[in-house]
Amino acid sequence: MEPANYTRVTEFVLTGLSQTREVQLVLFVIFLSFYLFILPGNILIICAIRLDPHLTSPMYFLLANLAFLDIWYSSITAPKMLVDFFVERKRISFGGCIAQLFFLHFIGASEMFLLTVMAFDRYAAICRPLHYATIMNRRLCCILVALSWLGGFIHSIIQVAFIVRLPFCEPSELDSYFCDITQVVRIACGNTFPEELVMIFSSGLISVVCFIALLMSYAFLLAMLKKHSGSGESTSRAMSTCYSHITIVVFMFGPSIYIYAHPFDSFSLDKVVSVFHTVIFPLLNPIIYTLRNKEVKTAMRKLVNRYMLCREK
């Protein structure tokens, strides 16, 4: 496309979730409550795991990293969305849009890869219990976490590299409350089929392959537990952990597959799924792991009690 046919976009206009003032105020209260629960909840998980001497196994190390990623993931879109509820014309600069898109895919893909690492950790714990400590040593855990971050970074760089070279035409309005590849590609000028195809393979295919692989892995682990183990407490704990991981996997990958694994056309459920993916999903990590993990609940309770005692003194 010739340069004369398009302009250099310096900012995008966001339509937001609603144009009605009353609805925006209700949504502000709801999402602010979610965000104020997500941050302390995940921080409490990290502190409890770091400070409790009983939570030193690789599973808890990985869980603390997942909570850390959730803090960042929820902070990419939520703060600006909350501010925009009080702004009549919602804008985001081109640089801010690219930064939001980059970190969304960087942290999101890192979480996906980390969930895959957590599945490998459960495999080692259930299928190789005598060698678990040797297999999942701290050095390997750090390497796997670092590789998860590296994989997320590479994935995100690919998305950004294709987005920044797209030409855009006026009006540069995104039918959303944040910047993502699906909305940005829709308003690009000219033929974006090659870029769209690469992004579907990069985001959608990764989501589908990881999702299927993780479900098959946990189905295999649950079958192993039911076949070779009794009904003791250790078996119940292992199964409960697997069910928790499966729940996180479904809630993480389901919306991601819906958003990225098809051509970037507009659908009526897009905003609803996006809200769940970027705002509500990070809330599920502290809820699911605290409700289904007795050790984490005990450690968090001790930490809160210790804090209350210190305040009373």
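Given the structure is predicted, the values throughout are model-derived calculations rather than measurements. (Residues numbered from 1 in each chain as written. Predicted model: local features only at pLDDT ≥ 70, side-chain atom pairs only at ≥ 80, totals over all residues. Heavy atoms only, no water.)

S.K.: Please set out helix α3 (residues 94–127) residue by residue, giving values where relevant.
M.R.: Taking 1.5 Å per residue, 34 residues should reach 50 Å; α3 reaches 49 Å between its end C-alpha atoms and fits that length. In terms of burial, α3 is largely enclosed, as 25 of its 34 residues are buried. (Helix = DSSP H or I, 4+ residues; strand = E, 2+ residues; numbered from the N terminus. Expected span 1.5 Å × (residues − 1). Buried < 20%, exposed > 50% of the residue type's maximum accessible area, 1.4 Å probe, protein only.)

S.K.: Mind laying out the pairing of strand β1 (residues 11–14), listing which residues take part and the relevant values?
M.R.: As defined by bridge partners, β1 adjoins strand β2 (residues 90–93) across four bridges and the pair is classed as antiparallel. Across the sheet, residue L14 finds its bridge partner in β2, namely K90. One ladder, built from two bridges, connects β1 with strand β3 (residues 173–174); its direction is parallel. Looking across to β3, one finds that L14 is bridged to L174. (Pairing = 2+ DSSP bridges.)

S.K.: Before we move on, could you go through the state of the cysteines and cite the residues and values that matter?
M.R.: Per the counting criterion, the structure on display carries one disulfide. Covalently, C97 is tied to C179 through a disulfide, its sulfur atoms 2.1 Å apart. Residues C97 and C179 are joined through a disulfide that is left-handed, its torsion about the S-S bond being -115°. Taken as a pair, C97 in helix α3 and C179 in the loop between β3 and α6 (181–186) lie far apart in primary sequence, 82 residues in all. Relative accessible area serves as the criterion here: at 0%, C179 is assigned to the buried category. No disulfide involves C242; its sulfur sits 9.3 Å from the nearest other cysteine sulfur, which is in C127. Overall, the relative accessible area of 0% leaves C242 in the buried class. (Disulfide = S-S within 2.5 Å.)

S.K.: Outline the nonpolar core, supporting the account with residue identities and numerical values.
M.R.: By size, the foremost hydrophobic cluster in this structure holds 93 residues, and its most contacted members are F12, L115, I163, F168 and F253. If you tally residues by element for this core, the top one is α3, at 17 residues. Residues within four places of F12 in sequence aside, it is in contact with K90, R91, I92, F94, C97, F168, S172, L174 and I187. (Core = buried A, V, L, I, M, F, W, Y, C linked by side-chain atoms within 4.5 Å. Contact = heavy atoms within 4.5 Å.)

S.K.: Pulling in residues and values, what's your account of the environment of Y260?
M.R.: The topology assignment puts Y260 in helix α8 (residues 233–260). Residue Y260 is classed as buried on the basis of its relative accessible area of 5%. Placed 42 residues apart in sequence, Y260 and Y218 show a C-alpha to C-alpha distance of 24 Å. Not counting residues within four places of it along the chain, the set of residues in contact with Y260 comprises L104, H105, D180, I181, T182, I200, S203 and G204. Of the polar contacts made by the side chain of Y260, one reaches the side chain of D180; its length is 2.4 Å. (Polar contact = N/O pair within 3.5 Å; in protein donor to acceptor, adjacent residues only side chain to side chain.)

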